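# A closer look at the structure
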Amino acid sequence: MTGTWKKWPFLLIGTSGITDEEDVKRIRTVNLICFIVCCSIPGIGFFILKSLHWPVWLVITFAGEFLINGSVLYFNYLGRHRTARSVLYYLQCVAIPVYAYALPWFNRLEFILILQIAMFNMVLKGRGERRTALVVTLAEMVILEGIYYWLGLKRIGGEVPVMPMGYTLGFIVQSLLVAIIAVITIIVMQPFAKSKDDNPELVKANQFIKLFVAQLTHELRTSLNNIHQVSQLLRKEAENEEYTLKQIRPLPDIIYTASCDARNIVNNVLDMAEIESGRTPITVNEAFRVRPFFEKMLEVYKIVALEEQMRLQLFIDMPEVIVSDPLNITQIVNNLVTNAIKFSLKDHTVSVELKRRDPNWELKVSNFGQGIPEDKMPFIFDPFVTGRAGRIQGTGLGLFIVRKKVEALNGTIQVQSKRGGYTIFTVTLPLIEGRPGEIDDRDSSRSDKDPGDLGHIHVLMAEDSKLTSFLMFRFLQEQGCKVTMVGNGRELLEKAQEGYSGDRPDIIILDCHMPVLNGEQTIRQLKKIPGLSHIPIIVTTGDLYSDMLDRMLDAGADTYLKKPIDHATLQKTILSYLKKQA
């Protein structure tokens, strides 16, 4: 839906900074009606004025209505939304009786009253505004009928001509008027009709939400419980001087594993939000070395498998370098391997196999377990389809996300499963073979644990969470960065301009939602400052349900990272945008 409105940017006037979707819809509807009325006034007015030989008083009347109606867009632009919708509504309330009196041969202006009854229910906000509008509309109806009665008497007396502009021209003008009224009525009533149509879907969605919340809280609670227990052990053992680093070494591995599980759950939820909002998964293809990429990715799952008394094996028969989207592939593998470990029997092997199958390549993830029930096989890639009956197993989003990611990469996914035997997920993706020379020389000698050197980089970051600020500051500082942390957009602008002459930031990181000045407003002001407008901007957000992220990217942000932030991904993103600036 957001993409549709981008084609008509003037309809979005006044929506910047509005997070309530109903308010955004109301503002867009007001802008659209204002636009239609502004377009219709010159068209209808031209026919009428020409036929009446351009009387000055009527020219002024039409021009006045056009200008006052146009002010609606200006009031919305200023953020005075109540004034905008009031001007739009009550201007028509005044205009109808005026035109009924000034143009006595029009006899269809009463149709506009039907439009107004629809308008005050859909455009105006709150009971107070609607009650006032209803009273005014009923009074207007009485006045209009009184005018028509009085004009009828004058027609009988021959004082008022029935159609001074000619029958054909009069018919055209009145037909245009009826058509415009019909169009506006359809526009203002469409949301009501849609809401009625969506009621069955809302009931179904509500059932999904209940199931999803139950599963999500169970899954997250397990991971958070493990993190909480390990953190307590670490605090206690850190105070005990008898413990050595070697004795507590397993604990960071456990907490890292649990946090990865929690992060994967959250990422699936955010991906689901993106899909539900109509966004297609973003793909960024680049060349990477296959073996180190997958070996590094599966390190954490080897630890998980050992804890579950399983083995994890990796088989690779692939070109040394391929070109694809590492981030989407990572999420595909994470979800498939997590599922394989979760549903595998103990003392068995989970295998990840990569094979060249020209013109494609295959990723196979297999495990030995109870298998997928036959009745669930047709729906296994649908959202909220979970594991064994009578037991909560996962959020039911993992395989759905996998399917969407695979489709975004122009691939396919299939599953084979045998009761009490092997379950094999096979992902087939287009093979684009790369060359080692396509990988940046600075990256070729770099270890997989170190995406790159951030030394001597000045990072300016705005984040209102003190704990998040502390952790990000510590990580970036350990990488050799000079870090300036601020708590809101206003402070970021001030710091950026303070360092304009000498110590200008190399990259800017900011959160979407901040006090004083939010992310979108901050970016728009940054882009107006010549010396700062070219600095890469990375947005960090966990909000993918509203159109806030779209607005920030439209304002000039270069990319975004979903919270919780992965340090390696952040490091890699910073380096990639600094290379573009070089």
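Above this text you will find the structure in question.
Residues numbered from 1 in each chain as written. Predicted model: local features only at pLDDT ≥ 70, side-chain atom pairs only at ≥ 80, totals over all residues. Heavy atoms only, no water.

## Comments concerning the overall build of the chain
Put simply, the rule reads: Helix and strand assignments come from DSSP, with helices taken as H or I runs of at least 4 residues and strands as E runs of at least 2, each series counted from the N terminus. Burial classes: relative accessible area under 20% of the type maximum marks a residue as buried, over 50% as exposed, and values in between as partly exposed (1.4 Å probe, protein chains only). In this description, contact between two residues means that some pair of their heavy atoms is separated by no more than 4.5 Å.
A tally of helices and strands in the chain yields 19 helices and 12 strands. Considering the chain as a whole, with its 582 residues, one finds that 44% of them fall into the buried category. Pairs at least 24 apart in sequence give 73% of the contacts found in the chain among residues at least 6 apart.

## Here we look at the pairing of strand β7 (residues 422–430)
Short version of the rule: Paired strands, as defined in this entry, are two strands with at least two bridges between them according to DSSP.
Note: strand β5 (residues 360–368) against β7, 9 bridges, orientation antiparallel. Note on β7: the bridge partner recorded for serine 366 is isoleucine 424. Relative to β7, strand β6 (residues 412–417) runs antiparallel, the two sharing 6 bridges. Considered in β7, the bridge of threonine 412 is made with threonine 428. In textbook terms, the turn of a hairpin is the stretch between consecutive antiparallel strands, and for β6 and β7 this stretch comprises 4 residues, one of which, glycine 420, has a positive phi near 65°.

## As for the side chain of histidine 458
For clarity, the threshold we go by: Here a polar contact is recorded for every N or O atom pair within 3.5 Å, except that within protein the pair must consist of a potential hydrogen donor and a potential acceptor, and residues adjacent in sequence are included only if both atoms are side-chain atoms.
Within the secondary structure, histidine 458 is located in strand β8 (residues 458–462). Within the structure, the side chain of histidine 458 is placed 3.0 Å from the side chain of threonine 484, a separation counted as a polar contact. The contacts of histidine 458, once residues within four sequence positions are left out, are Lys482, Thr484, Asp503, Arg504, Pro505, Asp506 and Ile507.

## Here we look at the environment of valine 72
Its location among the elements puts valine 72 in helix α3 (residues 56–77). Contacts of valine 72, omitting those with residues within four sequence positions, involve Val30, Cys34, Ala84, Val87 and Leu88.

## Some thoughts on unusual backbone geometry
A cis amide bond links aspartate 358 with the next residue in sequence, proline 359, at an omega value of 5°. Here proline 359 is to be found in the loop between β4 (349–357) and β5. We note that glutamine 309 has phi near 60°; this positive angle belongs to a residue other than glycine. With respect to the helices and strands, the residue glutamine 309 is situated in the loop between α11 (290–307) and β2 (311–317). For glutamine 309, a relative accessible area of 48% puts it in the partly exposed group.

## Remarks on the nonpolar core
The criterion, for reference: What is meant by a nonpolar core is a set of buried Ala, Val, Leu, Ile, Met, Phe, Trp, Tyr and Cys residues, joined one to another through side-chain atoms within 4.5 Å.
Among the nonpolar cores identified, the biggest contains 40 residues, and Phe294, Leu336, Trp361 and Leu363 are the most heavily contacted of them. At the level of elements, α11, α12 (326–342), β4, β5, α13 (398–408), β6 and β7 are the ones that each hand at least two residues to this core. If one sorts the elements of this core by residue count, α11 sits on top with 9 residues. Discounting chain neighbours no more than four positions away, the residues touching phenylalanine 294 are Leu314, Ile329, Val333, Leu354 and Trp361.

## Re the sheet that holds β2
Pairing between the strands of a sheet is mediated by backbone hydrogen bonds and can be parallel or antiparallel. Formally: To obtain each axis, a line is fitted to C-alpha atoms, and for helices this fit is confined to the stretch in contact; angles are then taken between N-to-C directions over 0 to 180 degrees.
Reading across the sheet, the 5 strands line up as β2-β4-β5-β7-β6 and stay open at both edges, with mixed pairing between neighbours. At either margin of the open sheet sits one strand with a lone partner, and together these are β2 and β6. In this sheet, adjacent strand axes meet at a mean angle of 15° when their direction is disregarded. Bridge count for β2 against β4 is 7 bridges, and the pairing is parallel. Bridge pairing links phenylalanine 315 to glutamate 353 in β4. Contacts from α11 reach β2, β4 and β5, with the element oriented near 170° to β2.

## Overview of helix α2 (residues 21–51)
Every α-helical turn comprises 3.6 residues, leaving residues that sit three or four positions apart pointing alike. The test is simple: Multiplying 1.5 Å by the residue count of a helix minus one yields the expected span of that helix. Note on bend: at a given residue it equals the angle between the axes fitted to the 7 residues ending there and to the 7 starting there.
Taking 1.5 Å per residue, 31 residues should reach 45 Å; α2 reaches 45 Å between its end C-alpha atoms and fits that length. A maximum bend of about 25° is found in α2 at glycine 45. Histidine 53 sits one or two residues past α2 and shows a positive phi near 65°.

## Considering the sheet that holds strand β9 (residues 482–486)
Taken together, 5 strands build an open sheet; the order of strands is β9-β8-β10-β11-β12 and the sheet is parallel. In this open sheet, the two edge strands, each paired with only one partner strand, are β9 and β12 (559–562). Direction aside, neighbouring strands of the sheet carry axes that sit 20° apart on average. Sheet analysis places strand β10 (residues 507–511) next to strand β11 (residues 537–541), joined by 4 bridges and oriented parallel. Note that in β11 the partner of isoleucine 508 across the bridge is isoleucine 537.

## Let's talk about the packing of aromatic side chains
Within a pair of aromatic rings, the relevant descriptors are the distance that separates the centres and the angle that separates the planes. Here is the rule: Put simply, two rings from Phe, Tyr or Trp (the six-membered ring, in Trp's case) pair if the centres are within 6.5 Å, and we call them stacked under 30 degrees between planes, edge-to-face over 60, tilted for the rest.
By the definition in use, this model includes 6 aromatic pairs. Judged by centre distance (5.1 Å) and plane angle (80°), the rings of phenylalanine 368 and tyrosine 422 are edge-to-face. Taken together, the residues span a long stretch of sequence, with phenylalanine 368 in strand β5 and tyrosine 422 in strand β7 at a distance of 54 residues. Ring plane angle 80° and centroid distance 6.1 Å describe the contact between phenylalanine 381 and phenylalanine 425, whose orientation is recorded as edge-to-face. Of this pair, phenylalanine 381 sits in the loop between β5 and α13 while phenylalanine 425 sits in strand β7, placing them 44 residues apart in sequence.

## Overview of the pattern of salt bridges
This is how the line gets drawn: Whenever a carboxyl oxygen of Asp or Glu lies within 4 Å of a side-chain nitrogen of Lys or Arg, that contact is scored as a salt bridge.
Inspection of every chain in the model, using the stated rule, returns 14 salt bridges. The residue glutamate 295 makes a salt bridge to arginine 291 at a minimum N-O spacing of 3.6 Å. Of the two residues, glutamate 295 and arginine 291 are both situated in helix α11; the distance of 4 residues between them amounts to about one turn of the helix. A relative accessible area of 42% places arginine 291 in the partly exposed class. Across the pair arginine 524 and glutamate 520 runs a salt bridge whose closest N-O atoms are separated by 3.2 Å. Residue arginine 524 and its partner glutamate 520 are both found in helix α17 (residues 519–526); the two are separated by 4 residues, about one turn of the helix.

So far we have only geometry, and geometry alone does not tell us how the molecule works.
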